[in-house]
Amino acid sequence: MHGSSPAAWTAVLLCLAGITIGGVALIPDPNWVLFTIGCVITLGSALVGRVMAAAGLGVDRAADHH
């Protein structure tokens, strides 16, 4: 199944956590430090996913093609 790998799940969960932290930081008064932390986590999730995939925790694309 394409995309169902530890790398993909980790990247998606980190991204959701970062977006949630960033969004909550803006309610009711903006907390810019917490918002920035949420943005860094969100952007860093892509890097974490790539590193995990390169470490062999991603989906093998050659085996995915039928």
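The rules behind these values
- Residues numbered from 1 in each chain as written.
- Predicted model: local features only at pLDDT ≥ 70, side-chain atom pairs only at ≥ 80, totals over all residues.
- Heavy atoms only, no water.
- Helix = DSSP H or I, 4+ residues; strand = E, 2+ residues; numbered from the N terminus.
- Buried < 20%, exposed > 50% of the residue type's maximum accessible area, 1.4 Å probe, protein only.
- Contact = heavy atoms within 4.5 Å.
- Areas by Shrake-Rupley, 256 points an atom, 1.4 Å probe, with all protein chains shown as cover.
- Patch = residues over 30% accessible without salt bridge, like charges linked within 9 Å, V, L, I, M, F, W, Y side chains within 5 Å.
- Salt bridge = Lys/Arg side-chain N within 4 Å of Asp/Glu carboxyl O.
- Bend = angle between axes of the 7 residues up to and from the residue.

Peer 1: What's the story with the overall build of the protein chain in this structure? I'm lost.
Peer 2: Summing up its helical and strand segments, the protein chain has three helices and zero strands in all. Listing each helix as α and each strand as β along the protein chain from the N terminus yields α-α-α. Across the 66 residues that make up the protein chain, the buried fraction comes to 17%. Counting only contacts in the protein chain whose residues sit at least 6 apart along the sequence, the fraction spanning at least 24 positions is 64%. Carbon and sulfur atoms form 73% of the exposed surface of the protein chain, whose accessible area is close to 4900 Å².

Peer 1: Explain a nonpolar patch on the surface here, please?
Peer 2: Judged by side-chain polarity, Trp 9, Val 12, Leu 13 and Leu 16 come together as a nonpolar surface patch covering roughly 440 Å² of accessible area. For Leu 13, a relative accessible area of 52% translates into the label exposed.

Peer 1: Would you take a moment to explain helix H2 (residues 32-57) for this structure?
Peer 2: In an α-helix, one full turn covers 3.6 residues, which means residues spaced three or four apart are oriented alike. Of all the bends in H2, the greatest, near 30°, is centred on Gly 44. The inward-facing, buried residues of H2 abut helix H1 (6-24).

Peer 1: Would you mind showing me how to read unusual backbone geometry here?
Peer 2: Trans is the prevailing form of peptide bonds, just as negative phi is the prevailing case for residues other than glycine. Of the consecutive residues Ile 27 and Pro 28, the connecting peptide bond is found in the cis state with omega at -15°. Among the structural elements, Pro 28 can be located in the loop between H1 and H2.

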